[in-house]
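Inside the fold
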Amino acid sequence: MSDVVLETRGLVKHFPINKGIVFRTRAGAVRAVDGVDLNLRRGETLGIVGESGCGKSTLAKLLVGLEKPTQGEIRVRGEDMTRLGGAALRRARRNIQMVLQDPYTSLNPRMTVGDIIGEPFAIHPDAAPPYGKARAVQELLEVVGLNPDHINRYPHQFSGGQRQRIGIARALALRPEIIVCDEPVSALDVSIQAQIINLLEHLQKELGLAYVFIAHDLSVVRHISDRVAVMYLGKIVETGNHAAIYEQPTHPYTQALLSAVPVPDPRLRGRRDHIMLEGDVPSPADPPSGCRFRTRCWKAQPACADHEPLLEIRQRSPHPSACHFAEVRDVMRRS
């Protein structure tokens with residue numbers, strides 16, 4: 001496991017619910033992330049998928065330190081970041097940076113591109129190259145496919161795809177080993193999405209980066225990811241390499257997600273086994289007992305309410321799945 005650069009164990013984030021204006025009292029908690037175990041290896045891309053509200057973005061913020069976990073460990077290169085503080089924490093956070101979802105609101109409109117990309121050097125002066133910050137910023141602009149002469153322009157003078165390239169350049173400034181990409185292409189046109197994905201893959205090969213790639217577009221995740229983790233209501237319900245997840249899904253929730261992916265070829269649409277889920281997503285403040293998916297699952301049995309299924313390899317599952325009755329189901333019929 002020496003090539004593991006990022007690891008979480010029992011990661012939990014609960015947001016307290018308070019009531020009252022003068023006398024604030026605790027009225028429960030939103031369980032946004034509720035016991036997540038993950039690992040990421042050097043040069044690997046781990047895709048995180050799941051419907052809106054499942055905890056993906058909260059997980060991303062926990063990984064980079066924008067949120068403090070309620071409990072659990074986040075180890076970067078074997079060092080538990082949850083136990084660090086001050087200068088030690090700042091040094092550790094250099095190894096893990098983030099590309100945000102919205103390229104329009106993630107860049108300060110009052111700062112030039114040079115100041116935006118060079119800001120990490122202001123926070124970590126000892127990380128600035130000896131030949132100067134301006135030249136370093138120009139090199140970063142060139143690396144992400146932008147004109148280095150545009151260093152003094154403002155964000156409004158760039159398109160959405162160019163702004164996302166600026167965000168990527170900023171994330172690369174401190175030469176991290178890990179980049180957390182929180183839906184980095186969801187706000188872009190389809191043609192621009194392909195350009196950004198190709199850029200990320202090129203940078204990964206050139207710099208040996210490891211990505212945590214969070215997205216709701218399953219086709220994008222399949223293209224870029226080496227392994228995939230499926231998230232539902234704060235928990236990982238299935239994980240494995242991308243081929244296993246997409247071709248041999250075992251958890252009912254994963255099967256339902258994949259059955260909803262649009263099929264571009266009209267000749268194949270009749271072969272798609274659509275799975276319609278009934279009921280609404282339960283509240284993360286009051287999740288069901290046992291398996292959290294059981295209220296929407298067609299396989300639910302009394303045991304699902306009594307015992308929470310562990311994420312493990314089962315008799316009819318070739319990779320870890322958190323389902324008592326996990327089994328492979330081909331959502332695209334081959335006959």
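Structure: above.
Notes on the structure in this doc start here. (Residues numbered from 1 in each chain as written. Predicted model: local features only at pLDDT ≥ 70, side-chain atom pairs only at ≥ 80, totals over all residues. Heavy atoms only, no water.)

Description of the overall build of the chain
- From N to C terminus, the chain includes eleven helices and ten strands.
- For the chain, the spread of C-alpha atoms along the principal axes amounts to about 65 × 60 × 45 Å.
- For the chain, the proportion of contacts with a sequence separation of at least 24, taken over those separated by at least 6, is 64%.
- Counting only carbon and sulfur atoms, one obtains 49% of the accessible surface of the chain, whose full area is about 16600 Å². (Helix = DSSP H or I, 4+ residues; strand = E, 2+ residues; numbered from the N terminus. Contact = heavy atoms within 4.5 Å. Areas by Shrake-Rupley, 256 points an atom, 1.4 Å probe, with all protein chains shown as cover.)

A look at the packing of helix α3 (residues 113-123) against helix α4 (residues 133-143)
- Between α3 and α4, whose axes approach to 9 Å, the crossing angle comes to 110°. The orientation of α3 with respect to α4, classified from their angle, is roughly perpendicular. In this structure, α3 contributes Val-113, Gly-114, Ile-117, Gly-118 and Phe-121 to the contact, and α4 contributes Lys-133, Ala-136, Val-137, Leu-140 and Leu-141. (Axes fitted to C-alpha atoms, helices over the stretch in contact; angles between N-to-C directions. Parallel < 35°, antiparallel > 145°, perpendicular 65-115°, else oblique.)

Details of the state of the cysteines
- Taken as a whole, this structure holds zero disulfides when the rule is applied.
- Cys-181 carries a free sulfur, and the closest cysteine sulfur to it, the one in Cys-54, is 17 Å from it.
- Residue Cys-181 is classed as buried on the basis of its relative accessible area, which comes to 0%. (Disulfide = S-S within 2.5 Å. Buried < 20%, exposed > 50% of the residue type's maximum accessible area, 1.4 Å probe, protein only.)

Here's the deal with the environment of Arg-294
- Mapped onto the secondary structure, Arg-294 falls in the loop between α10 (266-269) and α11 (302-306).
- The exposure class assigned to Arg-294 is partly exposed, which follows from its relative accessible area of 25%.
- Among the polar contacts made by the side chain of Arg-294, one reaches the main-chain carbonyl oxygen of Ser-289 at a distance of 2.8 Å. (Polar contact = N/O pair within 3.5 Å; in protein donor to acceptor, adjacent residues only side chain to side chain.)

Comments concerning the pattern of salt bridges
- Going through the model one piece at a time under the given rule, you end up with 15 salt bridges.
- In this structure, a network of salt bridges that share partners links the residues Lys-299, Arg-316 and Glu-327. (Salt bridge = Lys/Arg side-chain N within 4 Å of Asp/Glu carboxyl O.)

A closer look at unusual backbone geometry
- Phi angles above zero are rare outside glycine, and Arg-77 is one such case at about 55°.
- Relative to the helices and strands, Arg-77 is located in the loop between β4 (71-76) and β5 (79-80).

With respect to the pairing of strand β6 (residues 96-99)
- The alternating pattern of β6 places Ile-96 and Met-98 on one face and Gln-97 and Val-99 on the opposite face, and all of these are buried.
- Where β6 and strand β7 (residues 178-182) come together, four bridges link them in parallel fashion. Residue Gln-97 lies in a different strand from β7, and its bridge partner there is Ile-179. (Pairing = 2+ DSSP bridges.)

A closer look at the nonpolar core
- Among the nonpolar cores identified, the biggest contains 54 residues, and Ile-117, Ile-166, Ile-168, Leu-172, Ile-179, Leu-200 and Phe-213 are the most heavily contacted of them.
- If we skip the residues at most four places from it in the chain, Ile-117 touches Val-137, Leu-140, Leu-141, Ile-166, Ala-169, Arg-170 and Ala-173. (Core = buried A, V, L, I, M, F, W, Y, C linked by side-chain atoms within 4.5 Å.)

Structural notes on the sheet that holds β7
- Pairing in this open sheet of six strands is mixed, and the strands run β6-β7-β8-β3-β9-β10 from one edge to the other. Every interior strand has two partners, whereas the edge strands, β6 and β10 (235-241), have only one. Taken over all neighbouring pairs, the strand axes of this sheet differ in orientation by 20° on average, direction set aside.
- Where strand β3 (residues 45-49) meets strand β9 (residues 227-232), four bridges bridge the pair, whose relative direction is parallel. Residue pairing across strands places Leu-46 opposite Arg-227, the latter belonging to β9.
- Across the sheet, helix α6 (residues 190-207) touches β3, β7 and β8 (210-214), and the angle it forms with β8 is around 155°.
- Contacting β9 and β10, helix α9 (residues 252-259) crosses the sheet at an angle of about 105° to β9.

Considering the sheet that holds strand β2 (residues 25-41)
- Ordered by their spatial adjacency, four strands build an open sheet running β2-β1-β4-β5, and the pairing between neighbours is antiparallel. Edge positions in the sheet fall to β2 and β5, since each of these pairs with one other strand and no more.
- Pairing geometry for strand β1 (residues 4-19) and β4, over five bridges, is antiparallel. In the sheet register, Thr-8 faces β4, and the bridge partner there is Ile-74.
- The sheet contacts of helix α1 (residues 56-64) involve β1, β2 and β4, and relative to β1 the element is tilted by about 115°.

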